[in-house]
Amino acid sequence: MNSIQYPTHEKIIEVVDKLQNEAIEKLKQMVSFDSLLGNEKDVQLYVEEVFKSLDLKVDRFEIDLEKIKNLPGFSPVNWSYKGKENVIGIHEPKPNQHASKPENERKSLIFNGHVDVVPTGRDSLWTQNPFSPYVKDGRLYGRGSGDMKAGIIAFIIAYKAIKELGFAPAAKVLLQTVVEEECTGNGTLACLERGYRADAAIIPEPFPEIITAQVGLVWCKVNVRGRPAHTLEMSKGINAIDGAMHVVSELRKLEVEWNTVKHDAFSHKFTHPLNFNLGMISGGEWTSSVPCECSFDLRAGFYPGTPLESVRKIIIDTVDRAAKEKELPYTIEWNGFQAEGCIHSASGDMMKQLGTTYKSALGTEAKYTPVLCTTDSRFFELYYNIPATCLGPESNSIHGIDESVSLESLRDITRVLACFISDWCGLQPLH
């Protein structure tokens, strides 16, 4: 007879709450690492040590471009992967006849989070240095605090809380910290290529609701060439910057056109779900010379179910038509995100269980909502048939100035994730 007293949600939450100060200190440590694109190594070494302190087996590995470049979901890059590493903490359950769930009901789980952060903008606009985290009025400030180092801390502390109670998950649990979510998703793709699978995946991105859908998006760089001339002979030149702005205006018309089409997953909440963003622009050499070249970087959103090839063709056709109207030579480079949209069905077993666990842990119904960005959850769902979603701490100004995360929300999400480990994986005694 199994007489072991397995921890209730109330007991798990009690331990999570006792670990809140540790969570805050670990989050401060993570945010203090400047982990911009190409600079993720130090924070990953820190995560590796944290995983080892939890007695997890650790796999720290460099992304191998040759192994992922032909896989569905891959996004092209123009940089090297030398030194760009993922870190995975691996929990394998021990053979044990005692567990809180029958063997056929124990399900494996991936927690996944990205350590890379976006540029800070002008540091002088921040109240304090973006990589000098501080707490004020219940929020922790710093670049990456919400997006998404708090989410990583949430699943680390959730796992630790179970262990502090003298138990472990009764199924495999993988804690993954990856690079390049902010520009390609190739870090998560490399984990999947390496063979890491589970019955579900949760990514604690900075959304305090359970995510049901996300748009697709592509990045491209458009380079327009004109003809240089002195401004006293402007009629002999072709202004590449003016030409580029004409191309952008035609792309804006395309954005409007795409948003006239409604999609069931988004239209109930958003009137303009598909956003085009002119993220970077460069052109000209001299104020009194007609510029001969201008380039801009575009991010274009599109609906799930729209083939990438179709999206790229429409954008190319739009650019081509606009450039020809002004007799402008041009090139288009597809670099970075080539990400399909994704639906996460709220009726799936994992999604329903997560909602049930959320209500039990926090005493309120979970909200389900779509988002107008992409996340790495698409890889699990679209290409590897692994149910996935996002649920993480509430955050402000992600990608903006004075980014912050609610520490109360960090605690609440950690409660949910710790209880979900119990509900989804089952528990077994550590010894």
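What you see is a predicted model, and the numbers here were worked out from it, not measured in a lab.

A. Structural detail: the packing of aromatic side chains. Summed over the entire model, instances satisfying the criterion amount to nine aromatic pairs. Note on Phe33 and Tyr46: the rings are 5.7 Å apart at their centroids and 40 degrees apart in plane angle, and the pair reads as tilted. Highlighted residues: Phe33 in the loop between α2 (20-31) and α3 (41-53) and Tyr46 in helix α3, separated in sequence by 13 residues. Geometry around Phe61 places Arg194 over its ring, the cationic atom sitting 4.2 Å from the centre.

B. Structural view of helix α9 (residues 349-362). If you check α9, its first and last C-alpha atoms are 20 Å apart, about what 14 residues at 1.5 Å a residue would give, namely 20 Å. In this fold, the buried residues of α9 make contact with α1 (9-18), β8 (201-203), β9 (210-214), β16 (368-371), β17 (388-390) and α11 (407-425). Phi turns positive one or two residues past the end of α9, at Gly363, with a value near 75 degrees.

C. Looking closely at the nonpolar core. Residues Leu109 and Phe111 are the most contacted members of the largest nonpolar core, which totals 91 residues. Top contributing element to this core by residue count: helix α5 (residues 145-164), with 12 residues. Excluding anything up to four places from it in sequence, Phe111 contacts Phe155, Val173, Leu174, Leu175, Gln176, Ile202, Leu417 and Ile421. Ala213, Ala240, Leu274 and Leu298 belong to the second-largest nonpolar core, a separate cluster that totals 33 residues.

D. A look at the sheet that holds strand β15 (residues 342-343). Strand order across the open sheet formed by three strands is β15-β9-β16, with mixed pairing between neighbours. Every other strand in the sheet has two partners, leaving β15 and β16 as the edge strands with one partner each. As judged from the two bridges shared by β9 and β15, these two strands associate in the antiparallel manner. Residue pairing across strands places Ala213 opposite Ile343, the latter belonging to β15. Sheet strands in contact with α9 are β9 and β16, and its direction is about 145 degrees off that of β9.

E. Representation of a nonpolar patch on the surface within the structure. A cluster of nonpolar side chains, namely Met245, Leu278 and Ile281, defines an oily patch on the protein surface of about 230 Å² accessible area. Residue position: Leu278 is located in strand β11 (residues 276-283).

F. Expanded view of unusual backbone geometry. Cis rather than trans, the peptide bond between Asp147 and Met148 has omega equal to -10 degrees. Tracing the sequence through the fold places Met148 in helix α5. Despite not being glycine, Asp55 has its phi angle at roughly 65 degrees, a positive value. Positionally, Asp55 belongs in the loop between α3 and β1 (57-62). Note on Asp55: relative accessible area 63%, which makes it exposed. The backbone of His399 sits at a positive phi, close to 70 degrees, despite the residue not being glycine. If you trace the backbone, His399 turns up in the loop between β18 (395-396) and β19 (404-406).

G. Structural context of the sheet that holds β19. The strand order across the open sheet formed by four strands is β4-β5-β19-β18, and the pairing between neighbours is antiparallel. Looking at strand neighbours, the two that pair on one side only are β4 (134-136) and β18, the edges of this open sheet. The sheet contact formed by β4 and strand β5 (residues 139-141) spans three bridges and is antiparallel. Looking at β5, one finds that Lys136 is bridged to Arg139. With respect to the sheet, α2 is in contact with β4, β5 and β19, its orientation differing from that of β5 by roughly 20 degrees.

H. Inspection of the pattern of salt bridges at higher detail. Applying the stated criterion across every chain, the model contains 26 salt bridges. The partner of Glu22 in a salt bridge is Lys26, and the shortest N-O contact between them spans 2.8 Å. On the criterion of helical spacing, the pair formed by Glu22 and Lys26 is a turn pair, its members being four residues apart in helix α2. According to the relative accessible area criterion, Glu22 is partly exposed, its value standing at 21%. Residue Lys324 pairs with Asp320 through a salt bridge whose shortest N-O separation is 3.2 Å. Within this pair, Lys324 and its partner Asp320 are both found in helix α8 (residues 308-325), separated by four residues, close to a single helical turn.

I. Spotlight on the environment of Cys419. Summarising the element assignment, Cys419 is placed in helix α11. For Cys419, the contacting residues outside a window of four places in its chain are His9, Ile12, Ile13, Thr357 and Ala361.

J. Structural detail: the side chain of His246. Mapped onto the elements of the fold, His246 is located in helix α7 (residues 240-259). Ignoring anything within four residues of it in the chain, the contact list for His246 reads Ala322, Glu325 and Lys326.

K. Fine view of the environment of Gly166. Here Gly166 shows up in the loop between α5 and β6 (167-169). Judged by relative accessible area, which is 29%, Gly166 ranks as partly exposed. Note: C-alpha distance between Gly166 and Ala190 (24 residues apart in sequence) is 33 Å. Look past the residues within four positions of Gly166 in its chain and what remains in contact with it is Pro429 and Leu430.

L. A look at the side chain of Asp297. You can see Asp297 is positioned in strand β12 (residues 293-302). Owing to a relative accessible area of 19%, Asp297 belongs among the buried residues under this scheme. Only 2.8 Å separates the side chain of Asp297 from the side chain of Lys221, close enough to count as a polar contact. If near-sequence neighbours (up to four positions away) are discounted, Asp297 is found in contact with Cys220, Lys221, Asn277, Leu278, Gly279 and Met280.

Rules of the game
Residues numbered from 1 in each chain as written. Predicted model: local features only at pLDDT ≥ 70, side-chain atom pairs only at ≥ 80, totals over all residues. Heavy atoms only, no water. Phe/Tyr/Trp six-rings, centres within 6.5 Å; stacked < 30°, edge-to-face > 60°. Helix = DSSP H or I, 4+ residues; strand = E, 2+ residues; numbered from the N terminus. Lys NZ or Arg CZ within 6 Å of the ring centre and 35° of its normal. Expected span 1.5 Å × (residues − 1). Contact = heavy atoms within 4.5 Å. Core = buried A, V, L, I, M, F, W, Y, C linked by side-chain atoms within 4.5 Å. Buried < 20%, exposed > 50% of the residue type's maximum accessible area, 1.4 Å probe, protein only. Pairing = 2+ DSSP bridges. Axes fitted to C-alpha atoms, helices over the stretch in contact; angles between N-to-C directions. Patch = residues over 30% accessible without salt bridge, like charges linked within 9 Å, V, L, I, M, F, W, Y side chains within 5 Å. Areas by Shrake-Rupley, 256 points an atom, 1.4 Å probe, with all protein chains shown as cover. Salt bridge = Lys/Arg side-chain N within 4 Å of Asp/Glu carboxyl O. Polar contact = N/O pair within 3.5 Å; in protein donor to acceptor, adjacent residues only side chain to side chain.

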